[in-house]
Amino acid sequence: MTDAPDLGFSTRAIHAGQAFEPRTGAVIPPIFMTSTFVQDGVGGFRDGYEYSRGGNPSRDALQQQLASLEAGTHAYTFGSGLAAEDAILRAVLQPGDHVLMGNDVYGGTHRLVSQIHARWGIEITTADASDLDAVRAAMQPNTRILWVETPSNPLMKVADIPGLVELGHAAGAMVVADNTFATPYLQQPLVLGADVVIHSTTKYIGGHSDLVGGAVVTSDADLAERIAFQQFAVGAVNSPFDAWLTSRSLKTLSVRVERHCRNAQAVAESLVGHPALTAVHYPGLPDHPQHELASRQMRGFGGMVSMQLAGGREAALTLVQRTRLFQLAESLGGIESLVCYPTEMTHASVQGTELAVPDDLLRLSVGLEDADDLVEDLRQALDSL
Ligand SMILES: *Cc1c(COP(=O)(O)O)cnc(C)c1O
């Protein structure tokens, strides 16, 4: 009842999978910090629980909540976003299969396939996912997975999910959408036709920079069974404590993301036209190349902004030393604002490949501080260059 699809997003975020504890009435489900469960005679499992790699009530509560928010039927959570990605890739692919990825996906995603799965006979190529003709031309007869990340990292390109689904399905490929940047509050790829959604829950879903985790969500029952088996057999699960923390964070996702969007819009608008910058990338700016598409496909434009500096790499490296509120760190999606130099941080693993990012680029994760303070912080740092 509490995850009925006709309930609103925020209602489901707070109630789906989050039944109160029946013995005491504790309104918040407890953290089931246990590895194993007593059996009432051999095979007499209580509520199906046997061993926490296979199932744990704290993880199940999160999985139900996430499935509901992504409008899927099944969700599986993992110890990191990359562990979740590995699970879906291995659940689907066989040696000889090809994966087509957007050419500005998260660097670690490309590395996972090109440096790990390639050794088991998986092929990978990339294409500009914001260009449907380029993607169509790059599809191969053995393409099993079309992998899209939108908005993309760090260039904030927006890909047409229904368009990619149409051409992917026509070619017999499954469409996997990395929804980490958008979150289910802004965009629900399964509703737009994608087969699978993956998340680094480390980012907006965790939202407080205090955990690492990942998730796979789908409505395909056969595929769900294979992912469940993969999760159990490989064991890259998140801990009950991390699952509980993630559930707690999901309850405020809509409130947080609305503020992230508002602050990012204010920051992006304040940066436009600054003489120290040559470009500002944010889908909420009217001159962003996919602004119309983003307006159609997303409920808001997200909390990530990137910018290119007139002074190149040197100016970028100086700027990150001069901001006071934007702290220099990897990762994103937390309450605090962060700045990162992708070329040598998040995207260091793809330097020298077709996924390399411009070396004059800085990426901002706009946090939940007061927008005026964030705008002023960037202004003083840019003016000092
Ligand atoms: C961080 C990130 C990942 C990887 O997730 P981890 O939790 O760091 O393993 C995948 N995709 C995107 C878009 C990310 O930002």
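Cut-offs used in this document
- Residues numbered from 1 in each chain as written.
- Predicted model: local features only at pLDDT ≥ 70, side-chain atom pairs only at ≥ 80, totals over all residues.
- Heavy atoms only, no water.
- Salt bridge = Lys/Arg side-chain N within 4 Å of Asp/Glu carboxyl O.
- Helix = DSSP H or I, 4+ residues; strand = E, 2+ residues; numbered from the N terminus.
- Buried < 20%, exposed > 50% of the residue type's maximum accessible area, 1.4 Å probe, protein only.
- Near = heavy atom within 4 Å.
- Polar contact = N/O pair within 3.5 Å; in protein donor to acceptor, adjacent residues only side chain to side chain.
- Areas by Shrake-Rupley, 256 points an atom, 1.4 Å probe, with all protein chains shown as cover.
- Nonpolar A, V, L, I, M, F, W, Y, C, P; charged D, E, K, R; others polar.
- Pairing = 2+ DSSP bridges.
- Contact = heavy atoms within 4.5 Å.
- Axes fitted to C-alpha atoms, helices over the stretch in contact; angles between N-to-C directions.
- Parallel < 35°, antiparallel > 145°, perpendicular 65-115°, else oblique.
- Left-handed = near helix turned anticlockwise from the far one by under 90°.

## Quick notes on the pattern of salt bridges
Step number 1: Tallied over the full model, the rule gives eight salt bridges.
Step number 2: With a shortest N-O distance of 3.5 Å, Asp128 and Lys157 are connected by a salt bridge. Taken as a pair, Asp128 in the loop between β3 (123-127) and α5 (132-138) and Lys157 in the loop between β4 (143-149) and α6 (161-170) lie far apart in primary sequence, 29 residues in all.
Step number 3: For Lys157, a relative accessible area of 25% translates into the label partly exposed.
Step number 4: In this structure, Glu376 engages Arg379 in a salt bridge whose closest nitrogen and oxygen atoms are separated by 2.7 Å.

## What to know about the site of the ligand
Step number 1: The immediate surroundings of the ligand are formed by 14 residues, with Gly81, Asp178, Ser200, Thr202 and Lys203 found nearest.
Step number 2: Taking Gly81, its main chain carries an N or O atom lying 2.9 Å from an oxygen atom of the ligand.
Step number 3: At a separation of 2.8 Å, an oxygen atom of the ligand approaches a polar side-chain atom of Ser200.
Step number 4: For the ligand, whose accessible area on its own is 380 Å², the fraction buried by protein is 92%.
Step number 5: The dominant element in the shell around the ligand, judged by the number of residues it contributes, is helix α3 (residues 81-92), at three residues.
Step number 6: Taken together, the residues that form the shell around the ligand break down as four nonpolar, six polar and four charged.

## A few points about the sheet that holds strand β8 (residues 277-281)
Within a sheet, neighbouring strands are paired by backbone hydrogen bonds and run either parallel or antiparallel to one another.
Step number 1: Spatial strand order, β8-β9-β12-β11-β10: five strands in an open sheet with mixed pairing. At either end of the open sheet lies a strand with only one pairing partner, and these are β8 and β10 (327-328).
Step number 2: Relative to strand β9 (residues 304-309), helix α10 (residues 253-271) is tilted by about 15°, and along the sheet it contacts β8, β9 and β12 (361-365).
Step number 3: Its contacts with the sheet place helix α12 (residues 312-322) against β9, β10, β11 (338-340) and β12, and it is angled at close to 130° to β9.

## Details of the packing of α3 against helix α8 (residues 221-234)
Step number 1: Running from amino to carboxyl end, α3 crosses α8 at an angle of 120°, the nearest separation of the two axes being 9 Å. Between α3 and α8, the angle is such that the two are oblique. Considering the relative orientation of α3 and α8, their crossing is right-handed. Taking contact as the criterion, the partners of Ala87, Ile88, Arg90, Ala91 and Val92 in α3 are, on α8, Leu223, Arg226, Ile227, Gln230 and Val234.
Step number 2: Along the lines of polarity and charge, the residues of the contact of α3 with α8 split into seven nonpolar, one polar and two charged.

## Here we look at the sheet that holds strand β7 (residues 214-218)
Step number 1: Read from one edge of the open sheet, seven strands run β1-β7-β6-β5-β4-β2-β3, paired in mixed fashion. Pairing within the sheet leaves two strands with one partner each, and these edge strands are β1 (74-78) and β3. Strand-to-strand twist of the sheet, defined as the mean angle between neighbouring strand axes without regard to direction, takes the value 20°.
Step number 2: Pairing between strand β5 (residues 174-178) and strand β6 (residues 196-200): three bridges, direction parallel. What sits directly across from Asp178, in β6, is Ile198.
Step number 3: The sheet strands contacting helix α2 (residues 57-69) are β1 and β7, and the helix crosses β1 at an angle near 130°.

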